[in-house]
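# Geometric and topological summary
Read off the chains here:
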Amino acid sequence: MSGIGTGYDLSSTTYSPDGKIFQTEYAQKAVDNSSTVVGLRCKDGVVLACEKLVLSKLLVEGSNRRIHNIDRHVGVAVAGLAPDGRMVANRAWDEAASYKRVYGEPIPGHVLCERVGSYVHMFNLYWSLRPYGAALLLAAYDKNGPALYAVDPSGTSLRYFGTAVGKARQAAKNEIEKLKLNELSAREAVIEAVKILYKVRDEDGKKFELDVSWVCDESGKVHQRVPDELLAEAERQAKAALEDSDMDD
Amino acid sequence: MHSSRGASHAEAPPSTGTTIVACTYKGGVVLGADGRVSIGNYIMNRASNKIAPLAEYIFLCRSGSAPDTQVISDNVKHYLDQISAESGEEPSVEMAANLVKLINYNNKDHLVGAMLIAGWDRHGGGQVYGAPIGGTLVKEKWAIDGSGSTYIWGYCDNEYRDDMTREEAEKWVAEAIALAMTRDSSSGGSIRLITLDGTGAHHKYIRGDEVQQFVGDLPFPAAPPASLPLQGGAAGSMVVG
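Residues numbered from 1 in each chain as written. Chains lettered and ligands numbered in written order. Predicted model: local features only at pLDDT ≥ 70, side-chain atom pairs only at ≥ 80, totals over all residues. Heavy atoms only, no water.

### Some remarks on the overall build of chain B
Heads up, the condition is: Starting at the N terminus, helices and strands are each numbered in turn, a helix being any DSSP run of H or I of at least four residues and a strand any DSSP run of E of at least two. In this scheme, a residue with accessible area under 20% of its type's maximum is buried, one over 50% is exposed, and one in between is partly exposed, where area comes from a 1.4 Å probe on protein chains only. Residues count as neighbours in contact if any of their non-hydrogen atoms are within 4.5 Å of one another. We get accessible surface area from the Shrake-Rupley algorithm with a probe of 1.4 Å; when it comes to residues, only the shown protein chains can shield them.
Counting its secondary structure elements, chain B contains four helices and 12 strands. Out of the 241 residues belonging to chain B, those deemed buried represent 49%. Of the contacts made within chain B by residues no fewer than 6 positions apart, 61% connect residues no fewer than 24 positions apart. About 12600 Å² of surface is accessible on chain B, with carbon and sulfur atoms providing 52% of the total.

Written as structure tokens, this is what we have:
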């Protein structure tokens, strides 16, 4: 079968004539086809929100976690291949724990994100390894304040005010650009994030859940799931906003 | 001079025998140390520098085994250099203190180093940490160590105040070291002070003859009263051995 990268896409150690490494691009596809993850860095914290498609009625509610704690002050949300994302998250946990042991203080967000980026990048260098098919949105609140980072399968790590990965990332990013993030409190940002997820998702009638976490002043600078009442309120507002726009149509 | 804490080492190398002092004040920290390095009764160096730089605003006061503390200082300086390069930021005092502690604790069977880490960083201001032998780490408002420190606990406890000015803190440190030098034969020579307040590392050197004296010489005897004979006679004079 011939395809886009025929001949140049069999190994991550082969460039294509136009300077691409197709294996890395294909890994990115795994992320692009995953359900959407949104990250917002607001006035006093960072919010991560994931849409989780519920694949089976037999799954216990709340299972298939997409957000992991890395340290008290850092959390990551994963998009793409879940086991790959778990490996990278575990590495982040290792880095944070060893930094704390050696230097006595919590790992700064920008140091952690670079270490995770280097780690993911390494898997793009060797023929015997495949690139990770996962992207991580990293929410950190350190002594320099709150920060949001994204690491993609190529190992690029960048700091963002707001970003999204996954299926509806383009629509989500368009919505994020409308927000005045510097003026939002974390509470308000949670509601906005959930509204965005509801708005941009595919209305295919399939059941879905949300994983939403924050690290902010209100949470005592600790990364944790948002309180149930806040999540319920956010979903209520998101559904109401959808109905309003439905009526407008 | 073997500090009492190192006595369990049968073959411990001679220690510097030292007085080191560090204290926080309103706006920064002051570090101080004497200058004597002695091996037994021989003073090998009477004006040594026992305060080592670990970073631009972080210093280490060394007491205990001289070679051990020098190696610890070099290693911690190296690790701090590396992490600053990685993070692009100045290291914090807590990081330096933690590194000293890790080396002390993980090598406790081999090392005899009692150190004070003091410095200034953007987020925490002036800080002092004590890192005695064995690998403890304690953050304190002020700390003293070395053989001479045993003589000045009372002075330090009594005279320390929170939120001193820079002048008061420097006077407190210099006086504490001078008092220790008075009573500890292994401390003496000169006093070095370093003050860190975020504008720089301000060094002060107090020469041996400028150090505050507390126990002066007895006055030279005046001419003896006429009733006493000048020279020792046979029966009526005291023989002073």
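### Describing the packing of aromatic side chains
Going by this rule: Only Phe, Tyr and Trp rings are paired, with Trp represented by its six-membered ring, and only when their centres lie within 6.5 Å; those with planes under 30 degrees apart are stacked, over 60 edge-to-face, the remainder tilted.
Per the counting criterion, the structure on display carries 11 aromatic pairs over all chains. Note on Phe123 of chain A and Tyr132 of chain A: the rings are 4.4 Å apart at their centroids and 50 degrees apart in plane angle, and the pair reads as tilted. Taken individually, Phe123 of chain A and Tyr132 of chain A each receive the classification buried, so the pair is uniform in this respect. When the centroid spacing of 5.6 Å and the interplanar angle of 70 degrees are considered together, the rings of Tyr160 of chain B and Trp172 of chain B count as edge-to-face. Pair noted here: Tyr160 of chain B is in the loop between helix 3 (153-159) and helix 4 (166-183) and Trp172 of chain B is in helix 4, with a separation of 12 residues, a long-range link.

### Some remarks on the UniProt feature "domain: Proteasome alpha-type subunits" (unreviewed entry) in chain A
To be explicit about the condition: UniProt positions are given in the numbering used here, feature names are shortened, and annotations may be inferred rather than shown by experiment.
Mapped onto the present numbering, the UniProt feature "domain: Proteasome alpha-type subunits" (unreviewed entry) falls at residues 8-30 of chain A. The straight-line gap between the two end C-alpha atoms of residues 8-30 of chain A is 19 Å; of that span, 39% is helix and 0% is strand.

### Some points on helix 1 (residues 22-32) of chain A
All buried positions along helix 1 of chain A are accounted for by Phe22, Thr24, Ala27, Val31 and Asp32 of chain A. Structurally, helix 1 of chain A contributes buried residues whose contacts are with strand 4 (74-80), strand 5 (134-142), strand 8 (162-165) and helix 4 (169-177) of chain A.

### Description of the sheet that holds strand 10 (residues 142-145) of chain B
Residue and element names in this part refer to chain B. This is how the line gets drawn: Here, any two strands with at least 2 DSSP bridges between them count as paired. Note on geometry: axes are C-alpha line fits, over the in-contact stretch for helices, and angles between N-to-C directions span 0 to 180 degrees.
Pairing within the open sheet is antiparallel, and its five strands lie in the order 10-1-2-11-12. Looking at which strands have only one partner, the edges of the open sheet turn out to be strand 10 and strand 12 (201-206). Going across the sheet, the axis of each strand differs from the next one's by a mean of 10 degrees, ignoring polarity. Where strand 1 (residues 20-25) meets strand 2 (residues 28-34), six bridges bridge the pair, whose relative direction is antiparallel. Residue pairing for strand 2: Ala22 is matched across the bridge by Leu31.

### With respect to the environment of Leu31 of chain B
All names here are of chain B. Considering the arrangement of structural elements, one finds Leu31 in strand 2. You can call Leu31 buried: its relative accessible area is 0%. Taking the C-alpha atoms as reference points, Leu31 and Tyr160, 129 residues apart in sequence, are found 14 Å from one another. Once residues within four sequence positions are removed from consideration, Leu31 is found in contact with Val21, Ala22, Ile51, Phe59, Cys61, Ala118, Val173, Arg192, Leu193, Ile194 and Leu196.

### Re the interface of chain B and chain A
Our working rule: Buried area is understood as the total, over both parts, of accessible area removed when two parts are fitted together, assessed with a 1.4 Å probe. The salt bridge definition used is simple: a Lys or Arg side-chain nitrogen within 4 Å of an Asp or Glu carboxyl oxygen. Polar contact is the term for a pair of N or O atoms within 3.5 Å; when the atoms are in protein, one must be able to donate a hydrogen and the other to accept it, and sequence-neighboring residues count only if both atoms are side-chain atoms.
Facing the 13 residues of chain B at the interface are 13 residues of chain A. Between chain B and chain A, the buried area comes to about 1200 Å², and carbon and sulfur atoms account for 50% of it. Scanning the region where chain B abuts chain A turns up one salt bridge. Between Arg115 of chain A and Glu86 of chain B there is a salt bridge whose closest N-O contact spans 2.6 Å. The tally of links from chain B across to chain A stands at seven residue pairs in polar contact (both at pLDDT 80 or more). Broken down by secondary-structure element, the contributors of at least two residues to the side of chain B that touches chain A are helix 1 (66-87) and helix 2 (93-106) of chain B. The leading source of residues in the side of chain B that touches chain A is helix 2 of chain B, at five residues.

### Looking at the pairing of strand 1 (residues 37-42) of chain A
All names here are of chain A. When you tally the buried positions in strand 1, you get five out of six residues, the bulk of the element. One ladder, built from six bridges, connects strand 1 with strand 2 (residues 45-53); its direction is antiparallel. Residue pairing for strand 2: Val38 is matched across the bridge by Ala49. Linking strand 1 back to strand 2 in an antiparallel pair, the connection comprises two residues. Pairing of strand 1 with strand 8 involves four bridges; the strand directions are antiparallel.

### Some points on the UniProt feature "active site" (unreviewed entry) in chain B
All names here are of chain B. With numbering matched to this structure, UniProt assigns "active site" (unreviewed entry) to Thr18. For Thr18, the location among the structural elements is in the segment before strand 1. When near neighbours in sequence (up to four residues on either side) are disregarded, Thr18 contacts Asp34, Lys50, Arg62, Ser63, Asp145, Gly146, Ser147, Gly148, Ser149, Asp184, Ser186 and Ser187. Side chain to side chain, Thr18 and Lys50 meet in a polar contact 3.2 Å long.

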